[in-house]
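Residues per chain are reported as follows:
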Amino acid sequence: MQSKGRADGPPSIVEVARAAGVSTATAGRVLGGYGQSSAASRVKVEEAARRLGYRPNGLARSLIHGSTQTIGVIVTDIGNSFFAQAVRGIADVVRAGGFEMLLANTDSDPDAEQRAIQVMWEKRADGVIIAPEGPDSAERLRTLVDGGLPVVLLDRPLTALPQVDQVLVNNTACARSAVNHLTGLGHRRIAVVSEASGDFSRLLAHPAAGDGERPSAARLAGYLSALQRAGIRPDPDLAVHSPYDRAAAERATARLLRRDPSVTALFCTDNILTSGALAAVQRSGRACPEDISLVGFDDQDWTTLVRPQLTVVRQPHRELGAAAAEQLLARLHARRTGDGPADDEAVHLRLQAKLIRRASTAPAPAPAPAPANRT
C-alpha cells in the first residue's frame, strides 16, 4: 500500500532507495532486474518498495532490457467477427509467450492507420501484426520495416513489401472450390456478390494475379477461374457490386434477381454480403435452394440458425491470428538468439479454408420448357 503521507504522486526510485538505506544505483539494479546486488540489499529494497507502493516505470525498464514485452495489433474492423476471432487467436499466443497486446482499429481509414502505426512505434512495441488497409499501407509501414521492427501481415498481402512475413488464407483456391461445388451441381448462371466487382475485367485478363490480391479480389479471381475450368464464359453482368454493408448487398442482389431471372446460384465473398444476399433471395419469393442456391463466405453462428442452413466457406479465423502471433514471436526469438528465420528470409504462410456443405445448395433447377407453338 502506498504511504499515506504522500500526496504528490507515486513514489520514486530515489525515495525507495532512501527508505531502504541503499544507494539509488543499488535500488535501480534491484527493481530493474539487472546488474549485481547483495541478497541483503535486495530484501531491503523489495520491502521498501512494497511499503511505499512503488510501481516500476515500464518505459524505463524497456530502455534497459530492450523490450517492452508488448505486441502491436492493427486491424481494419474489430466489429467484424473475422477480425474479432483472429485477434483472440493473437492474444492467446502472445500472452502465453509473456507478452501483452496493444490493439488499434482503423475502420479502413488511411489516416487512422497512419496514426496507429505511429503509436506502435512511439510506444516501442516489440513487433506489429497488421491487417493492411490497402496497397498504400506499404508506404506507411516503411517506417517500421526500415527501422528494423518485425512486422507480420495478417489476412492481406502487400506485394510492395515482399521482405515482410505474412499469414494469409488461400482465398483464391477456397473460392474456386465453392464455385466448383455449384458447377458440379449443374449451375451455369452463377452470380457473385463482391466488393471487388470493379476488378472483374482485370482479373479475367490476368487469372494468375489472385494470390497477390486483397481477399475480396482473390476470391473473385477464384470465382472466375472455376467458371472457366467448367467451360462457362464469365459474364460481367453477373458480378454484383456491394460495399461491406448488409443493406447495400440486399439491394444490389435484389436488383440482379429482378433483372436476370436466369440466375440459379449466388456466391458471396464475405459474411456481411452473404447476409444481405440471403435477405434479398427471401424477399424475392424464390425458394432456396429449389430455385436458387447460395454459398456464403465465413461460417458464422447465424448461418446454421437460418433455414435453410447455409453452405459456406469456413475460414480458420482464430488459427490465422494464432499463426501470425507465433510467426512474430519466432522472429523476435530469432533476433535474440540467432535460432530461427533470418531477417532476409520472409516467411509467407497460407492457411486453408474449408467448404462446409449444407442445405442452401442443390442441383440446378431444370430450365422451363419453351412455350408450344400455336397453329
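Quantities reported herein were computed from a predicted structural model and do not represent experimental measurements. (Residues numbered from 1 in each chain as written. Predicted model: local features only at pLDDT ≥ 70, side-chain atom pairs only at ≥ 80, totals over all residues. Heavy atoms only, no water.)

A. Representation of the packing of aromatic side chains. Counted by the stated rule, this structure contains 2 aromatic pairs. Between the aromatic rings of Phe82 and Phe83, the centroid separation amounts to 5.1 Å while the plane-to-plane angle is 80°, which identifies the pairing as edge-to-face. For Phe82, a relative accessible area of 5% puts it in the buried group. (Phe/Tyr/Trp six-rings, centres within 6.5 Å; stacked < 30°, edge-to-face > 60°. Buried < 20%, exposed > 50% of the residue type's maximum accessible area, 1.4 Å probe, protein only.)

B. Structural context of empty space enclosed by the protein. Across all of its chains, the model carries 1 cavity of 30 Å³ or more by this definition. In this model, the largest cavity occupies a volume close to 50 Å³. When its residues are assigned to classes, the lining of the largest cavity shows 4 nonpolar, 3 polar and 4 charged. (1 Å grid on protein atoms, 1.4 Å probe; cavity = no way out; pocket = protein on both sides within 12 Å on 5 of 7 lines; lining within 4 Å. Points joined across faces, edges and corners; volume = space filled by probe spheres on them. Nonpolar A, V, L, I, M, F, W, Y, C, P; charged D, E, K, R; others polar.)

C. How the structure looks around the pattern of salt bridges. If you walk through the whole model with that rule in mind, you get 18 salt bridges. The salt bridge partner of Asp260 is Arg189, with a shortest N-O separation of 2.5 Å. You can see Asp260 sitting in the loop between helix 11 (246–259) and strand 8 (265–268) and its partner Arg189 sitting in the loop between helix 8 (171–184) and strand 6 (190–194), a full 71 residues away along the chain. By relative accessible area, Asp260 is classed as buried at 14%. For Arg189, a relative accessible area of 27% gives the class partly exposed. Residues Arg314 and Asp299 are paired through a salt bridge, measuring 2.8 Å at the closest nitrogen-oxygen approach. Placement of Arg314 in strand 10 (residues 311–314) and of Asp299 in the loop between strand 9 (293–297) and strand 10 is noted, with a sequence separation of 15 residues between them. A relative accessible area of 18% places Asp299 in the buried class. A single salt-bridge network, built from bridges that share partners, covers Glu195, Asp199, Arg202, Glu213 and Arg214. (Salt bridge = Lys/Arg side-chain N within 4 Å of Asp/Glu carboxyl O. Helix = DSSP H or I, 4+ residues; strand = E, 2+ residues; numbered from the N terminus.)

D. Main features of the confidence of the model for the protein. Per-residue confidence for the protein gives a mean pLDDT of 90; residues scoring 70 or more make up 91%. When the criterion is pLDDT under 50, residues 1–7 qualifies, and its contacts beyond four places in sequence or with other chains add up to 14 contacts. (pLDDT = per-residue confidence, 0-100. Contact = heavy atoms within 4.5 Å.)

E. View of the side chain of Thr26. Inspection of the secondary structure puts Thr26 in helix 2 (residues 24–32). The class for Thr26 is buried, based on a relative accessible area of 12%. Side chain to side chain, Thr26 and Ser23 meet in a polar contact 2.9 Å long. (Polar contact = N/O pair within 3.5 Å; in protein donor to acceptor, adjacent residues only side chain to side chain.)

F. Here's a closer look at a positive patch on the surface. A cluster of like positive charges, contributed by Arg251, Arg255, Arg258 and Arg259, occupies part of the molecular surface. Relative to the helices and strands, Arg251 is located in helix 11. (Patch = residues over 30% accessible without salt bridge, like charges linked within 9 Å, V, L, I, M, F, W, Y side chains within 5 Å. Areas by Shrake-Rupley, 256 points an atom, 1.4 Å probe, with all protein chains shown as cover. Lys, Arg positive; Asp, Glu negative; His and termini not counted. Charge placed at Lys NZ, Arg CZ, Asp CG, Glu CD.)

G. Main features of unusual backbone geometry. With an omega dihedral of 15°, the bond running from Cys288 to Pro289 counts as a cis peptide bond. Tracing the backbone through its elements, the reader meets Pro289 in the loop between helix 12 (271–284) and strand 9. The linkage connecting Arg307 with the following residue, Pro308, adopts the cis geometry, with an omega of 0°. By the element assignment, Pro308 lies in the loop between strand 9 and strand 10. Positive phi values are uncommon outside glycine, yet Asp298 reaches one of about 90°. Within the secondary structure, Asp298 sits in the loop between strand 9 and strand 10.

H. Just helix 5 (residues 81–96), in detail. Helix length check: helix 5 (16 residues) gives 23 Å between terminal C-alpha atoms against 22 Å at 1.5 Å per residue, within 8%. Every buried residue of helix 5 is listed here: Phe82, Phe83, Ala86, Val87, Gly89, Ile90, Ala91, Val93 and Val94. Close packing links the buried residues of helix 5 with strand 1 (70–75), strand 2 (100–105), strand 3 (127–130), strand 4 (151–154) and helix 13 (317–337). Two or three places before Phe82, at the start of helix 5, stands the capping residue Asn80, its side-chain oxygen 2.8 Å from that residue's backbone nitrogen. Of the residues one or two after helix 5, Gly98 is the one with positive phi, at around 85°. (Expected span 1.5 Å × (residues − 1).)

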